[in-house]
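Residues per chain are reported as follows:
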Amino acid sequence: MHLHIEGTLEPELAFALAARNGVTLPYATEDELRRAYSFSDLQSFLDLYYALMAVLRTEDDFADLAHAYLARAEEQGVRHAEIFFDPQAHTARGVSLGTVIRGLSRALDAAQETYGITTRLIMCFLRDESAASALETFEAARPYLDRITAVGLDSAEVGHPPSKFKEVYALAREAGLKCVAHAGEEGPPAYVWEALDVLGVDRIDHGVRALEDERLVARLVADRIPLTVCPLSNVRLRVIDDLAAHPLPAMLDAGLLVTVNSDDPAYFGGYAHDNFAAVRDALGLDDAALRTLARNSFEASFLDEATRAAYLAEVDAY
Ligand SMILES: Nc1ncnc2[nH]cnc12
Ligand SMILES: [Zn+2]
């Protein structure tokens with residue numbers, strides 16, 4: 001549920017697409033690029049994440065990107081994936097919204113056929129762009145809303161509170177979309193409150209800093225608001241010092257509806273299963289805790305009730 005499709009761009013595919021599209025990358029080799037994956041904070045990652053998107057130009061590029069991700073996801077045991085994309089990062093480079101959505105949709109439909117993986121698309125607004133730009137993006141997406149399940153909010157958090165996007169979230173909800181937002185990754189608990197009370201989100205992406213506010217934790221527990229936590233991402237972006245100190249067990253103990261996710265797996269050292277295995281090993285989570293985390297994911301998903309019930313029955317029988 002917390003997976004940026006642009007964050008699944010592996011160096012091999014980045015170089016292949018660069019060659020196909022005549023784009024020159026500022027790195028000579030895949031290894032040299034990989035060595036740049038050492039981040040000091042969210043912004044240092046975002047700088048590279050946006051720069052590498054230059055290789056994504058055509059509908060085929062987006063289809064190939066999503067196809068490669070879904071093949072990895074299948075290997076990792078993923079059954080259902082709710083996938084973010086960042087339209088403004090592409091339209092700003094002259095790539096049309098239709099190109100992005102048609103390319104991604106083609107791969108998502110094929111994955112259902114080939115692997116039986118169910119998917120949803122979540123369109124994110126870049127919070128360091130203006131509210132007007134988000135509104136423009138939402139209006140441009142109206143012809144494609146049958147392919148979009150939810151809107152989200154990502155990019156540089158601090159200084160860009162959720163309330164900035166109140167209007168576009170109201171429109172999205174009116175159009176029948178679900179709503180999520182990154183909040184409480186680098187930003188304060190106040191941003192999580194705003195995501196809940198001003199944007200009316202159905203889930204919080206990250207939310208680890210919510211633990212700093214007892215009243216907020218009580219609210220998240222009472223309303224069963226899911227948190228899509230990304231353990232390996234938190235370590236790589238220095239949100240958490242090291243995995244052994246990750247608050248995931250405390251979040252489970254507090255009764256939060258917490259889930260484990262990979263965020264930008266090509267950059268942060270692992271896909272879904274890798275994140276589960278890493279927290280199991282670093283935090284000593286037992287099978288019951290791992291089962292709860294898997295269950296929570298389906299409970300927190302935007303699946304229809306019948307499909308959700310079928311997946312939950314599978315988790316319980318495992
Ligand atoms: N972890 C993250 N936080 C905010 N914006 C992002 N865009 C891609 N990954 C992100
Ligand atoms: Zn994210």
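Taking an unreviewed UniProt entry as the reference, the protein chain is identified by name as Adenine deaminase belonging to Streptomyces natalensis ATCC 27448. The record held by UniProt for the protein chain lists under Function (unreviewed entry) the comment "Catalyzes the hydrolytic deamination of adenine to hypoxanthine. Plays an important role in the purine salvage pathway and in nitrogen catabolism." Quoted straight from UniProt, the Catalytic activity (unreviewed entry) entry for the protein chain says "adenine + H2O + H(+) = hypoxanthine + NH4(+)".

Asker: Outline the packing of helix 4 (residues 59–75) against helix 6 (residues 97–115), listing residues and values.
Answerer: Viewed as axis vectors pointing N to C, helix 4 and helix 6 meet at an angle of 35 degrees, and their least axial separation amounts to 7 Å. Viewed along their axes, helix 4 and helix 6 form a crossing whose handedness is right-handed. Here helix 4 contributes Glu59, Asp60, Phe62, Ala63, Ala66, His67, Leu70, Ala71 and Glu74 to the contact with helix 6, which in turn contributes Thr99, Val100, Arg102, Gly103, Leu104, Arg106, Ala107, Leu108, Ala111 and Tyr115. Residue composition of the contact of helix 4 with helix 6, grouped by class: eleven nonpolar, three polar and five charged.

Asker: Please give an account of the site of ligand 1 that cites residues and values.
Answerer: Taken together, the neighbourhood of ligand 1 is formed by His4, Leu42, Phe45, Leu46, Tyr49, Asp154, Ser155, His182, Glu185, His206, Asp263 and Asp264. Contact distances for ligand 1 include 2.8 Å between a nitrogen atom and a side-chain N or O atom of Glu185. The contact in question runs from a nitrogen atom of ligand 1 to an N or O atom on the side chain of Asp264, over 2.6 Å. For ligand 1, whose free accessible area comes to 260 Å², the fraction covered by protein is 100%. Among the elements that take part in the shell around ligand 1, helix 3 (residues 42–52) stands out by supplying four residues, more than any other. Across the shell around ligand 1, the residue classes tally to four nonpolar, four polar and four charged.

Asker: How would you sum up the nonpolar core? Please name residues and give values.
Answerer: Ranked by internal contacts, the top residues of the largest apolar core, which has 97 residues, are Phe85, Tyr169, Ile204, Leu220 and Tyr267. For this core, the element with the most residues is helix 6, which contributes seven residues. Apart from the residues lying within four places of it in its own chain, the contact partners of Tyr267 are Glu6, Gly7, Leu9, Tyr37, Phe39, Phe45, Leu48, Tyr49, Leu52 and Arg236. Of all hydrophobic cores here, the second largest spans six residues; its members include Ile122, Cys124, Ala150 and Val180.

Asker: So, the environment of Ala306: which residues are in play, and what are the values?
Answerer: Note that Ala306 resides in helix 16 (residues 305–317). On a C-alpha basis, the gap between Ala306 and Thr119 in space is 15 Å, while along the polypeptide they are 187 residues apart.

Asker: Help me get a handle on the pairing of strand 2 (residues 118–126), residues and values and all.
Answerer: Along strand 2, eight of the nine residues are buried, which leaves the element largely enclosed by surrounding structure. Two elements, strand 1 (residues 80–85) and strand 2, share six bridges in a ladder whose sense is parallel. When the sheet's bridge partners are listed, Ala81 is paired in strand 2 with Thr119. Looking at chain direction, strand 2 and strand 3 (residues 150–154) are connected through five bridges and run parallel. Looking at the pairing, Leu126 lines up with Asp154 of strand 3.

Asker: Could you give an account of the side chain of Thr118, with specific residues and numbers?
Answerer: By the secondary structure assignment, Thr118 is in strand 2. With residues up to four places along the chain from it excluded, the contact list for Thr118 reads Arg79, His80, Ala81, Gln112, Leu303 and Tyr311.

Asker: Help me get a handle on the sheet that holds strand 2, residues and values and all.
Answerer: An order of 1-2-3-4-5-6-7 is seen for the seven strands of this open sheet, with the pairing classed as parallel. Edge positions in the sheet fall to strand 1 and strand 7 (257–260), since each of these pairs with one other strand and no more. Adjacent strand axes in the sheet meet at a mean angle of 25 degrees when their direction is disregarded.

Asker: Lay out the pattern of salt bridges in plain terms, naming residues and giving numbers.
Answerer: Any two side chains of opposite charge can pair, so long as their charged atoms come close to each other. With the rule as written, the count across this model stands at 19 salt bridges. Glu212 is the partner of Arg209 in a salt bridge, and the nearest nitrogen-oxygen pair spans 2.7 Å. Across the salt bridge formed by Arg280 and Asp281, the nearest N and O atoms sit 3.0 Å from each other. Under the relative-accessibility criterion, Arg280 is labelled partly exposed at 35%. Given a relative accessible area of 56%, Asp281 falls into the exposed group.

Asker: Account for the coordination of the zinc ion (ligand 2), naming residues and giving values.
Answerer: Within the protein, His2 (NE2), His4 (NE2), His182 (NE2) and Asp263 (OD) serve as the donor atoms for the zinc ion (ligand 2), at 2.1 to 2.3 Å. If you look at the zinc ion (ligand 2), its four donor atoms make angles of 85 to 174 degrees with each other, and the shape they trace is irregular. Counting along the primary sequence, the residues that act as donors to the zinc ion (ligand 2) give the motif H-x1-H-x177-H-x80-D. Here the residue His4 occupies a position in the segment before helix 1 (11–21), and Asp263 occupies one in the loop between strand 7 and helix 13 (265–268), the gap between them amounting to 259 residues. With respect to class, His4 is no different from Asp263; both count as buried.

What counts, and where the lines are drawn
Residues numbered from 1 in each chain as written. Chains lettered and ligands numbered in written order. Predicted model: local features only at pLDDT ≥ 70, side-chain atom pairs only at ≥ 80, totals over all residues. Heavy atoms only, no water. UniProt positions renumbered as here; feature names shortened; annotations may be inferred. Axes fitted to C-alpha atoms, helices over the stretch in contact; angles between N-to-C directions. Helix = DSSP H or I, 4+ residues; strand = E, 2+ residues; numbered from the N terminus. Left-handed = near helix turned anticlockwise from the far one by under 90°. Contact = heavy atoms within 4.5 Å. Nonpolar A, V, L, I, M, F, W, Y, C, P; charged D, E, K, R; others polar. Near = heavy atom within 4 Å. Polar contact = N/O pair within 3.5 Å; in protein donor to acceptor, adjacent residues only side chain to side chain. Areas by Shrake-Rupley, 256 points an atom, 1.4 Å probe, with all protein chains shown as cover. Core = buried A, V, L, I, M, F, W, Y, C linked by side-chain atoms within 4.5 Å. Buried < 20%, exposed > 50% of the residue type's maximum accessible area, 1.4 Å probe, protein only. Pairing = 2+ DSSP bridges. Salt bridge = Lys/Arg side-chain N within 4 Å of Asp/Glu carboxyl O. Donors = N, O, S within 2.8 Å, 3.2 Å for Na, K, Ca; no water. Tetrahedral: all angles 85-135°; square planar, octahedral: opposite > 155°, others 65-115°.

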